Amino acid sequence: LRNELHQITDTCTSVKSKLSIVYHYLEAHTRYVSIQLGIGGLQPAPASDVYRTGFSDCKGLSNYMHAMLEAVGIPSFYTIISTREPKLLKDFPNQVQFNHAILQVPLPSDTLWIECTDPSLPLGYVHSDIAGHDALVISGEGGTICRLPEYPDSSNLQKSDVDIKLSSDGKAVVKMNQMSYCRQYEDVSPLMTVDDNKKKAYIENTVHLSSNDVDSIGLSENKDAYSHPSISLRMKGESHSYANVVGNRLFVPVNPLLKSFSSQELVNRRSNIYIDYGYLDEEDITLTLPDGYTVESMPQPLNIQMPFGSFSSSIKSEGNKLLICQRLLMRKGSYPQSLIDSFSGFLKSINSSYDQKLVLKK
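Worth saying up front: this structure is predicted, and the values here are computed from it rather than measured.

(A) Geometry of unusual backbone geometry. In the Ramachandran plot, C182 falls in the positive-phi region, its phi being about 50° despite a non-glycine side chain. Within the element layout of this structure, C182 appears in helix α5 (residues 182-188). By relative accessible area, C182 is classed as buried at 0%.

See below:
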């Protein structure tokens, strides 16, 4: 194996390219199997065993990756971490705090954290189960506790560009290009491996279209960005009842995306508000009006700024088109119980804005 690794990496011109080749070798030649019996629940299997069998758990796969990197001259450190708790009890050493193993690769200008259990993840991407968590990095000098990086809320971006061509009978041709990054990339990435029916079901739960209305779906994944991977989803469909026709008027949804927030669990809440997932949603919607129709009424601009997030909505007219822009930023964090009413009102205002309709008159 050492000879093979040298054959495929010796021509690499950078450490990251060499890392990438070894990481893809791990993906192609191993699979994950949970091993928790006896000492196997704590001690990684020898690299030679993983090479011979082609499978192991997070501990064995991380140790195997460590051995392969060592063979090509790249230092790395076996690291244990918890996917459940972000903070370690630093004054109470015990193995029960940890349930996962990864690999740290220190580089001159960066530090990569490698998830060896699922090499289909982008190399160096710190996924949501470990981002911001304490970890114990194990080297020849002993163990060192450090905190893994966490992406800013705005990096967990989903940007949707939607083009809607509306007909006088309420039908519409809808095209969407949606880019999802980081945490939102994780939410969408399972679509890369499912069949067309499940892709259409996802669209049905995302846009004002039934699965029968979807004509085409395209997906492409960018994992070369290391720490900021993305997925592009392209969709085209035709809705037979996008707008409601009432006499000589059309009632048209402002936002074609299906979005809402529940505030039911906030009723009589005594504990603090905790948002564990910060993200940014951006929607740029172009609505082309049918011939002979003008705008009779449309929602007023909205701009809300709160400690836990912000939301804005605006509509601009350009000829026979309406340009609709909506932005929602949710901020991860813990907020006092005294803000319950403000938080509930914030969610209700967002729901109301997403649910609003334009009125077009013939």
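(B) Geometry of the pairing of strand β13 (residues 249-253). The pairing of strand β12 (residues 244-246) with β13 spans three bridges and is antiparallel. Directly across from N244, in β13, lies its bridge partner F251. Hairpin connection of β12 to β13: two residues between the antiparallel strands, including G247 at a positive phi of 60°. Sheet topology note: the β13/strand β21 (residues 357-361) ladder contains five bridges and is antiparallel. Residue F251 lies in a different strand from β21, and its bridge partner there is V359.

(C) The sheet that holds strand β8 (residues 157-166), seen in detail. Pairing in this open sheet of eight strands is mixed, and the strands run β10-β11-β9-β8-β15-β19-β18-β17 from one edge to the other. A strand with exactly one partner marks an edge of an open sheet, and here the two such strands are β10 (214-222) and β17 (302-306). The average angle at which neighbouring strand axes cross in this sheet is 10°, direction not considered. Pairing of β8 with strand β15 (residues 279-288), which is carried by nine bridges, proceeds in the parallel orientation. Bridge assignment links K159 to a residue of β15, and that residue is E282. Its contacts with the sheet place helix α6 (residues 196-204) against β8, β9 (172-181), β10 and β11 (230-239), and it is angled at close to 100° to β10.

(D) Region of the structure containing the packing of helix α1 (residues 2-9) against helix α2 (residues 15-29). Between α1 and α2, the shortest axis-to-axis distance is 10 Å and the interhelical angle comes to 135°. Here α1 is positioned oblique relative to α2, judged by the angle of their axes. The handedness of the crossing between α1 and α2 comes out as right-handed. The residues of α2 that touch α1, namely those facing E4, L5, I8 and T9, are K18, I21, V22 and Y25. Broken down by class, the residue content of the contact of α1 with α2 amounts to five nonpolar, one polar and two charged.

(E) Representation of the environment of I74. Locating I74 in the fold gives a position in the loop between α4 (58-71) and β3 (77-81). Residue I74 is classed as buried on the basis of its relative accessible area, which comes to 6%. Spatially, the C-alpha atom of I74 lies 16 Å from that of H24, the residues being 50 residues apart in sequence. Not counting chain neighbours up to four residues away, the residues in contact with I74 comprise V15, K18, L19, L69 and V105.

(F) Representation of α2 within the structure. Helix length check: α2, at 15 residues, gives a terminal C-alpha distance of 21 Å against a target of 21 Å (1.5 Å per residue), a fit within 8%. K18, L19, S20, V22, Y23, Y25 and L26 are the residues of α2 that are buried. On its buried face, α2 sits against α1, α4, β4 (100-107) and β5 (110-114).

(G) Here's a closer look at the nonpolar core. By size, the foremost hydrophobic cluster in this structure holds 36 residues, and its most contacted members are L19, M65, M68, L69, V105, I114 and L148. At the level of secondary structure, the elements contributing two or more residues to this core comprise α2, α3 (47-53), α4, β4, β5 and β6 (134-139). In this view, L148 contacts I81, I102, W113, V126, I130, G132, H133 and A135; residues no more than four positions away in its chain are not counted.

(H) How the structure looks around the side chain of T30. Inspection of the secondary structure puts T30 in the loop between α2 and β1 (31-32). Residues contacting T30, with those up to four places away along its chain left out, are V50, G54, L61 and Y64.

(I) Layout of the packing of α2 against α4. Direction vectors running N to C along α2 and α4 enclose 140°, while the axes themselves pass 11 Å from each other. Compared by their axis directions, α2 and α4 come out oblique. Note on packing geometry: the crossing formed by α2 with α4 is right-handed. Mapping the contact onto sequence places L19, V22, Y23, Y25 and L26 in α2 and L61, Y64, M65, M68 and L69 in α4. The residue inventory of the contact of α2 with α4, partitioned by class, reads ten nonpolar, no polar and no charged.

(J) Representation of the packing of aromatic side chains. The final tally for this structure, using the stated rule, is seven aromatic pairs. With a centroid separation of 4.9 Å and an interplanar angle of 80°, the aromatic rings of F308 and F343 are classed as edge-to-face. In this pair, F308 sits in the loop between β17 and β18 (309-318) while F343 sits in helix α7 (residues 340-355), placing the two residues 35 residues apart along the sequence. Overall, F308 belongs to the buried group, its relative accessible area being 0%. Grouping aromatic residues by their ring pairs yields a cluster made of F308, Y335, F343 and F346.

Rules behind the numbers
- Residues numbered from 1 in each chain as written.
- Predicted model: local features only at pLDDT ≥ 70, side-chain atom pairs only at ≥ 80, totals over all residues.
- Heavy atoms only, no water.
- Helix = DSSP H or I, 4+ residues; strand = E, 2+ residues; numbered from the N terminus.
- Buried < 20%, exposed > 50% of the residue type's maximum accessible area, 1.4 Å probe, protein only.
- Pairing = 2+ DSSP bridges.
- Axes fitted to C-alpha atoms, helices over the stretch in contact; angles between N-to-C directions.
- Contact = heavy atoms within 4.5 Å.
- Parallel < 35°, antiparallel > 145°, perpendicular 65-115°, else oblique.
- Left-handed = near helix turned anticlockwise from the far one by under 90°.
- Nonpolar A, V, L, I, M, F, W, Y, C, P; charged D, E, K, R; others polar.
- Expected span 1.5 Å × (residues − 1).
- Core = buried A, V, L, I, M, F, W, Y, C linked by side-chain atoms within 4.5 Å.
- Phe/Tyr/Trp six-rings, centres within 6.5 Å; stacked < 30°, edge-to-face > 60°.

Keep in mind that these numbers describe shape and distance, not what the molecule does.
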